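A closer look at the structure
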Amino acid sequence: MAEHGKRQVRQEMLDDWAGSIRASLARIERKSVETEQMSAPEVLREIDRPAP
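Residues numbered from 1 in each chain as written. Predicted model: local features only at pLDDT ≥ 70, side-chain atom pairs only at ≥ 80, totals over all residues. Heavy atoms only, no water.

1. Notes on the pattern of salt bridges
Tallied over the full model, the rule gives two salt bridges. Between Lys31 and Glu46 there is a salt bridge whose closest N-O contact spans 2.9 Å. Here Lys31, found in helix α1 (residues 2-36), pairs with Glu46, found in helix α2 (residues 40-48); they are 15 residues apart in sequence, far enough to count as distant. Assessed through its relative accessible area of 21%, Glu46 is described here as partly exposed. The network of salt bridges with common partners includes Lys31, Glu46 and Arg49. (Salt bridge = Lys/Arg side-chain N within 4 Å of Asp/Glu carboxyl O. Helix = DSSP H or I, 4+ residues; strand = E, 2+ residues; numbered from the N terminus. Buried < 20%, exposed > 50% of the residue type's maximum accessible area, 1.4 Å probe, protein only.)

2. Comments concerning a nonpolar patch on the surface
A contiguous nonpolar surface patch, about 710 Å² in accessible area, is contributed by Val9, Met13, Leu14, Trp17, Ile21, Leu25 and Ile28. Within the secondary structure layout, Met13 lies in helix α1. Given the relative accessible area of 40%, Met13 is considered partly exposed. (Patch = residues over 30% accessible without salt bridge, like charges linked within 9 Å, V, L, I, M, F, W, Y side chains within 5 Å. Areas by Shrake-Rupley, 256 points an atom, 1.4 Å probe, with all protein chains shown as cover.)

3. Some details on the environment of Leu44
Its location among the elements puts Leu44 in helix α2. Considered as a pair, Leu44 and Trp17 are 27 residues apart in the sequence and their alpha carbons are 30 Å apart.

4. Overview of the environment of Ser32
Mapped onto the elements of the fold, Ser32 is located in helix α1. Look at Ser32 and you get partly exposed, because its relative accessible area is 26%. Once the C-alpha coordinates of Ser32 and His4 are considered, the two residues, 28 residues apart in sequence, prove to be 41 Å apart. Within the local environment of Ser32, its side chain forms a polar contact with the backbone oxygen of Glu29, the two atoms lying 2.9 Å apart. (Polar contact = N/O pair within 3.5 Å; in protein donor to acceptor, adjacent residues only side chain to side chain.)

Shown next as structure tokens:
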């Protein structure tokens, strides 16, 4: 029974990580679409800007 509990916790951690990774990838995808529409100087300013 304890092994099942460990497996459940492990699965929940993996699900949390997967959700975080999906959210990060979605942010990166949105940012790449935004930067495709920018001029080169705008992109460089965006890169130099500190992260929120």
